[in-house]
Amino acid sequence: MAIFYILLLFIITAAIIAVETKNLLSAVICVGAIGFGASLMFLFLRAPDIAITQIVVEVLGLIILIRVCISRELTFISGPREFFAVVVSVVIIFAIFLAGIKVLETLPAFGTPIFAEVPDAASQTYVEEGLRKTGAANLVASVILDFRAYDTLGEATVLFTAIIGATVILRKKTKKLLEEPDV
Amino acid sequence: MPYALCFLLFVIGLYCAVVKKNMVKIVIGIMVMEYAVNLFLIMLGYRFGGKAPIVVEEDIVGAGGQLSSLFINSSVDPLPQALVLTAIVISLGSLALMISICIRTYERYGTFDITEIRRLKG
């Protein structure tokens, strides 16, 4: 139990540094600290698949983020926005935080999953029947590739769309075509 | 209590995305929110002394893949793990999209400051 608190405090510290530091490269490195802390946390939460995926995605994401802030001048932008707007948004965010804490009290305590208390929950079926119905020893794989395969297909479509968007925005070719005069 | 800390992480990300002026900082805030939500969903399925949802040979009793009640009563929830697995990969795709928008904006205006960009446009 203590390990969760230690890791969560580590992640929160890294997040605060990432938000408040002036240097953009240090902020990006702190995002890496958050990601690897989260990966360790997933490992201790008994989710090895998520931990492995998180490490891979974190490395790729760090490369993308470093790509944007390396060799760019004027990455130091100091000072917040207008004072009044900042105060109003901080007050609203604090109110959201208090309301959220109230809502979290209605959840079952940490360490007692909801599906254990409901006999016919979907997760209960997946755990009991996953191996027999799909033949996958890894129940996570049996959920994403068999019970909820359409979800996975849809999310692959979302990923594909995001990558197409990034490619179109970053493509150099269209700019040249636009600059040429019409024939 | 771990839920509350997780929510604090989400609020930090929200603050960063709302208050900061730097475009890359806003992207970082959105990423922090993603981490917080993923962590929260995985935490919902955790149980004390639980096992990873991976069947090993000792858990199988009887023919036809009947699982022992020990495994059924100690496995963590596989459903949030399966959904978060795809959500993490999608967050990488959306990060690439946001960063490419940042790069193009920097090439066009020469700055990451969103207030500057607004002034130049209008």
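These numbers were taken from a predicted model, which means no experiment stands behind them.

A. A look at the overall build of chain A. For chain A, the count of helices and strands is eight helices and zero strands. Traced from its N-terminal end to its C-terminal end, chain A shows the element sequence α-α-α-α-α-α-α-α. A total of 183 residues make up chain A; the buried ones form 37% of that total. When contacts within chain A are restricted to residue pairs at least 6 apart in sequence, long-range pairs at least 24 apart make up 41% of them. Split by element, the accessible area of chain A, about 10,800 Å² in all, is 72% carbon and sulfur.

B. Spatial organisation of the pattern of salt bridges. Residues and elements named next belong to chain A. Under the definition given, this model contains four salt bridges over all chains. Across the pair E129 and R132 runs a salt bridge, and its minimum N-O distance is 2.3 Å. On the criterion of helical spacing, the pair formed by E129 and R132 is a turn pair, its members being three residues apart in helix α5 (residues 122-134). You can call R132 partly exposed: its relative accessible area is 43%.

C. Representation of the packing of helix α3 (residues 48-69) of chain A against helix α2 (residues 23-44) of chain B within the structure. Relative orientation of the contacting elements α3(A) and α2(B) amounts to 175 degrees, with a least axis distance of 13 Å. When the axis of α3(A) is compared with that of α2(B), the two are roughly antiparallel. Between α3(A), through A:I50, A:Q54, A:E58, A:L65 and A:V68, and α2(B), the contact on the second element is made entirely by B:V24, B:M31, B:Y35 and B:I42. When grouped by side-chain class, the residues that make up the contact of α3(A) with α2(B) number seven nonpolar, one polar and one charged.

D. Examining the domain arrangement of chain A more closely. Annotation of chain A at the domain level lists domain 1 (1-71) and domain 2 (118-183). Here the C-alpha centroids of domain 1 of chain A and domain 2 of chain A sit 23 Å apart.

E. Quick peek at the nonpolar core. Within the largest apolar cluster, 73 residues are counted, with the highest numbers of intra-cluster contacts made by A:L45 and B:L39. Of all the elements in the fold, those that place two or more residues in this core are α1 (2-20), α2 (24-44), α3, α4 (83-104) and α6 (139-147) of chain A together with α1 (2-19), α2 and α4 (78-109) of chain B. Core analysis: the second largest hydrophobic core is formed by nine residues, A:L131, A:L139, B:V55 and B:I72 among them.

F. Molecular detail of unusual backbone geometry. All names here are of chain A. Phi angles above zero are rare outside glycine, and R46 is one such case at about 65 degrees. Tracing the backbone through its elements, the reader meets R46 in the loop between α2 and α3. R46 gets classed as partly exposed once you look at its relative accessible area, which sits at 30%.

G. Representation of the interface of chain A and chain B in the model. The interface is formed by 95 residues belonging to chain A together with 83 residues belonging to chain B. A combined buried area of about 8,200 Å² lies between chain A and chain B, and 77% of that area is made up of carbon and sulfur atoms. Salt-bridge contacts for B:K20 lead to A:E20; the nearest nitrogen and oxygen are separated by 3.5 Å. Along the contact surface separating chain A from chain B lie 12 residue pairs in polar contact (both at pLDDT 80 or more). Mapped by element, the contributors of at least two residues to the side of chain A that touches chain B are α1, α2, α3, α4, α5, α6 and α7 (149-170) of chain A. The greatest single-element share of the side of chain A that touches chain B, amounting to 13 residues, is contributed by α3(A).

H. Molecular detail of a nonpolar patch on the surface. Residues and elements named next belong to chain A. A grouping of F36, I52, I55, V56, V59, L60 and I63 is seen on the molecular surface, where their side chains present a nonpolar patch of about 610 Å² in accessible area. For the nonpolar patch, the element with the most residues is α3, which contributes six residues. Mapped onto the secondary structure, L60 falls in helix α3.

About the thresholds
- Residues numbered from 1 in each chain as written.
- Chains lettered and ligands numbered in written order.
- Predicted model: local features only at pLDDT ≥ 70, side-chain atom pairs only at ≥ 80, totals over all residues.
- Heavy atoms only, no water.
- Helix = DSSP H or I, 4+ residues; strand = E, 2+ residues; numbered from the N terminus.
- Buried < 20%, exposed > 50% of the residue type's maximum accessible area, 1.4 Å probe, protein only.
- Contact = heavy atoms within 4.5 Å.
- Areas by Shrake-Rupley, 256 points an atom, 1.4 Å probe, with all protein chains shown as cover.
- Salt bridge = Lys/Arg side-chain N within 4 Å of Asp/Glu carboxyl O.
- Axes fitted to C-alpha atoms, helices over the stretch in contact; angles between N-to-C directions.
- Parallel < 35°, antiparallel > 145°, perpendicular 65-115°, else oblique.
- Nonpolar A, V, L, I, M, F, W, Y, C, P; charged D, E, K, R; others polar.
- Domains from an automatic or database assignment.
- Core = buried A, V, L, I, M, F, W, Y, C linked by side-chain atoms within 4.5 Å.
- Buried area = accessible area lost by both parts, 1.4 Å probe.
- Polar contact = N/O pair within 3.5 Å; in protein donor to acceptor, adjacent residues only side chain to side chain.
- Patch = residues over 30% accessible without salt bridge, like charges linked within 9 Å, V, L, I, M, F, W, Y side chains within 5 Å.

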